[in-house]
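Spelled out, the chains give:
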Amino acid sequence: MLATPTNTSPLTKPTRAKLRYEDITFTSKSQRQAVEEIISELTLASAALKNIKDHFILELKKGLANDGETIAMVPVYVSGRLDGSETGSYLTMDIGGTYLRVVWVVLEGQSQVKILQKKYKIDEHLKVGEAKALFVDEHSIIASFETEIELGFTFSFPVLQTTINSGTLIAWTKGFNSLGVVDKDPAAFLQDAFRRRNVPVRVAALLNDTVGTLLAHAYRHSKTVIGLGLGTGSNGAYIERVDRITKRRTVDETGAADTAEMVINMEFGAFDSERRVLPVTMFDNKIDRKSLASLYFINPGKQIFEKMIAGMYLGEIARNILVHLIDRRLLLDGRCTKEMNTDWAFDTSYMSTIEADTTLELKDTQLVLECYLGLAIPESSATMATTLTDRQIVKLVVELVGQRAARLSAAALAGILEHTRGVTWSEDDGGVDIGVDGSLYRYYPGFEADIRGGLVDISQLERDMGLAGIDVDVVRMGPSIDGSGVGAALCALLASTASALQ
Ligand code: BGC
């Protein structure tokens, strides 16, 4: 699972120290050829990005038109824009990754908030065990309230929302497989858990993390129409105009006017599971195929886009490539350690360290290989642990995997921007804000810069083709602060405002 470096402030972006291909000292022709093959498989030129973006738009439109499409495009019953003046106090809870987080949020108005939070690590056995254990675990922090409290519940998995505080789980992702929850309402599990413990809390809103990301950003930046989650998993939410959600069933029930707006949880991690446009390599297929047998149950055949771009998978893709080179005796002299042979042992956080390595000798890369991947050799031995060429190739592979993830994320973002342009934002009216959260975005060196690079490439190519490429200068991405706390509180507030109006 993606770990976050402790020495990096969330707002200071680590920079990537890019390796120059010309600087790699290949030791044989076959080694050079093998590396060139990998470069060509993992590099995405502008035309490929544009093609992916175009297909993404087609698929998202299908999702707006019908239930059960690959990109689910779930209307989440959250409407109305925020202006930062909203006030209130809410409890929030978040299940979706490494931690269960409980936050008391005070929205003070003028875009100001105060929070008090408690975090619990979710043990691996809880992720795949009895549902009761996952939902009931460690809620003692809220047991002391005397009057009923409203809670915003962030549940970062694909849920088909039926009201603002209920829905059914479509499938687990990101290594969770708690029993008996698929097709059921996660909010009801939580509400039951509170009831059993006599905790006076009402689940007022059920939301996806990307919806929280969008709302939390909108509280501070009123031109926000998109929220992205780029961390262990990947997804996006955006504000849609109701008349464009042509699968009207859910929306009709709310009686929303055509010109009204509603947030859509896209669940774009499932994009192109048919593999029509994504440049899926044998290394991606390997992850997908073996996923049933691995420690994590990660939906073989599904979430293919997420498996190419999310933090949970990037280290494993890089490991697959490195093992492939080792097996051909083109790397590390064919030595494969127990760690390198272990599924998921190459943590994505190692990639961050390697990406940021500025030393000529690639000392930090060496440290990762020796300390974490078992490549140290006893001092008594005459053999070198790793050569500079080995480390250069490792760094290059890591860069290719990281950059591909960022550029693919850019294709999705470009698709959402194009689809919403002139409808919920416009270039002539102050541009657009995008709230982003997730460990890749916050901590992975160069990730945001590469996303911007991808956006610019697509736009430039379109302009060269005489098309109206987006003006990337008015597209502002920024870290959304505390989507699962502040965003969930705002969602609970919108839920109570909506029910007060009914
Ligand atoms: C889930 C999404 C979630 C994303 C980011 C994906 O695996 O399907 O619901 O938003 O991860 O947490």
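This text goes with the structure placed above it.
Here the structure is a predicted model, which is why all the values come from computation and not from measurement. (Residues numbered from 1 in each chain as written. Predicted model: local features only at pLDDT ≥ 70, side-chain atom pairs only at ≥ 80, totals over all residues. Heavy atoms only, no water.)

A.B. asks: Which parts of the structure should I look at to understand the overall build of the protein?
C.D. replies: Counting its regular elements, the protein contains 16 helices and 13 strands. Counting only contacts in the protein whose residues sit at least 6 apart along the sequence, the fraction spanning at least 24 positions is 73%. Carbon together with sulfur atoms contributes 52% to the accessible area of the protein, which is approximately 20,100 Å² in total. (Helix = DSSP H or I, 4+ residues; strand = E, 2+ residues; numbered from the N terminus. Contact = heavy atoms within 4.5 Å. Areas by Shrake-Rupley, 256 points an atom, 1.4 Å probe, with all protein chains shown as cover.)

A.B. asks: Got a minute to help me understand the side chain of R407 in this structure?
C.D. replies: Within the secondary structure, R407 sits in helix α13 (residues 388–420). The contacts of R407, once residues within four sequence positions are left out, are L44, A45, S46, L49, D450, G453, G454 and D457.

A.B. asks: Even after reading the chapter, I still don't get the site of the ligand, so can you show me in this structure?
C.D. replies: Taken together, the neighbourhood of the ligand is formed by 13 residues, with T173, N208, D209, E267 and E306 sitting nearest. T173 places a side-chain nitrogen or oxygen 2.8 Å from an oxygen atom of the ligand. In this structure, K174 approaches the ligand through a side-chain N or O atom, which is 2.8 Å from an oxygen atom. Protein chains shield 97% of the accessible area of the ligand, which is 310 Å² for the free molecule. Elements with a minimum of two residues in the shell around the ligand: α6 (209–220) and β10 (234–241). Of the residues assigned to the shell around the ligand, the class counts are two nonpolar, seven polar and four charged. (Near = heavy atom within 4 Å. Polar contact = N/O pair within 3.5 Å; in protein donor to acceptor, adjacent residues only side chain to side chain. Nonpolar A, V, L, I, M, F, W, Y, C, P; charged D, E, K, R; others polar.)

A.B. asks: Quick question: what am I supposed to make of the nonpolar core here?
C.D. replies: Nonpolar side chains tend to gather and get buried jointly when the protein is soluble and globular. Counting residues in each nonpolar core, the largest one holds 124 residues, and the members touching the most others are M266, F268, F346 and L417. When residues no more than four places from it in sequence are discounted, the contact partners of F268 are F56, I71, L228, S234, N235, G236, F305, I309, A412 and I416. One finds I95, L100, I149 and F157 within the second-largest nonpolar core, a separate group that totals 28 residues. (Core = buried A, V, L, I, M, F, W, Y, C linked by side-chain atoms within 4.5 Å. Buried < 20%, exposed > 50% of the residue type's maximum accessible area, 1.4 Å probe, protein only.)

A.B. asks: I keep staring at helix α10 (residues 311–327) and nothing clicks. Help me out?
C.D. replies: Since the α-helix turns once every 3.6 residues, residues separated by three or four places project in the same direction. The terminal C-alpha atoms of α10 lie 25 Å apart, and with 17 residues this matches the ideal 24 Å at 1.5 Å per residue to within 8%. Counting buried residues along α10, 16 of its 17 residues qualify, which places the element largely inside the surrounding structure. Two residues or fewer past α10, R329 is found with a positive phi of approximately 55 degrees. (Expected span 1.5 Å × (residues − 1).)

A.B. asks: Can you help me understand the packing of helix α11 (residues 348–355) against helix α12 (residues 363–372) in this one?
C.D. replies: Two measures define how a pair of helices packs: the angle their axes make with one another and the distance between the axes. Orientation of α11 relative to α12, taken along the N-to-C sense of each, is 150 degrees, at an axis distance of 8 Å. Considered as vectors, α11 and α12 are oriented roughly antiparallel to each other. As α11 runs across α12, the sense of the crossing is right-handed. From α11, Y350, T353 and I354 reach across to α12, where they touch D364, T365, V368 and Y372. (Axes fitted to C-alpha atoms, helices over the stretch in contact; angles between N-to-C directions. Parallel < 35°, antiparallel > 145°, perpendicular 65-115°, else oblique. Left-handed = near helix turned anticlockwise from the far one by under 90°.)

A.B. asks: Sorry if this is basic, but what is going on with unusual backbone geometry here?
C.D. replies: Phi is mostly negative for residues that are not glycine, and the peptide bonds are mostly trans. Unusually for a residue other than glycine, Y77 sits at a positive phi of about 65 degrees. Tracing the backbone through its elements, the reader meets Y77 in the loop between β1 (74–75) and β2 (87–95). Despite not being glycine, D333 has its phi angle at roughly 55 degrees, a positive value. Here D333 lies in the loop between α10 and α11.

A.B. asks: Would you take a moment to explain the sheet that holds strand β4 (residues 112–121) for this structure?
C.D. replies: Sheet strands line up and pair through hydrogen bonds in the backbone, either parallel or antiparallel. Strand order across the open sheet formed by five strands is β4-β3-β2-β5-β8, with mixed pairing between neighbours. Single-partner strands in this sheet number two, and they are β4 and β8 (201–207). Neighbour-to-neighbour, the strand axes of the sheet open up by a mean angle of 25 degrees, direction not taken into account. Note: β2 against strand β5 (residues 149–155), five bridges, orientation parallel. (Pairing = 2+ DSSP bridges.)

A.B. asks: What am I meant to see in the environment of F157 here?
C.D. replies: Note on placement: F157 falls in the loop between β5 and β6 (159–163). Placed 12 residues apart in sequence, F157 and L169 show a C-alpha to C-alpha distance of 7.3 Å. Setting aside anything within four residues of it in sequence, one finds F157 in contact with I95, G96, L169, A171, W172, T173, K174, F176, N208 and E267.

A.B. asks: How do you make sense of the pairing of β10 when you look at a structure like this?
C.D. replies: Every other side chain in a regular strand lies on the same face of the sheet, so the side chains alternate between the two faces. Within β10, seven of the eight residues are buried, leaving the element largely enclosed by the surrounding structure. With five bridges connecting them, strand β9 (residues 224–230) and β10 associate as antiparallel partners. Note that in β10 the partner of L228 across the bridge is G236.

A.B. asks: Would you mind going over the sheet that holds strand β12 (residues 432–437) with me for this structure?
C.D. replies: The six strands lie next to each other as β1-β11-β10-β9-β12-β13, forming an open sheet whose pairing is mixed. Edge positions in the sheet fall to β1 and β13 (475–479), since each has one partner strand and no second. Note that β9 and β12 share five bridges and pair parallel. Directly across from G227, in β12, lies its bridge partner G435. Packing against the sheet, α13 makes contact with β9, β10, β12 and β13, and its axis sits at approximately 160 degrees to β9.

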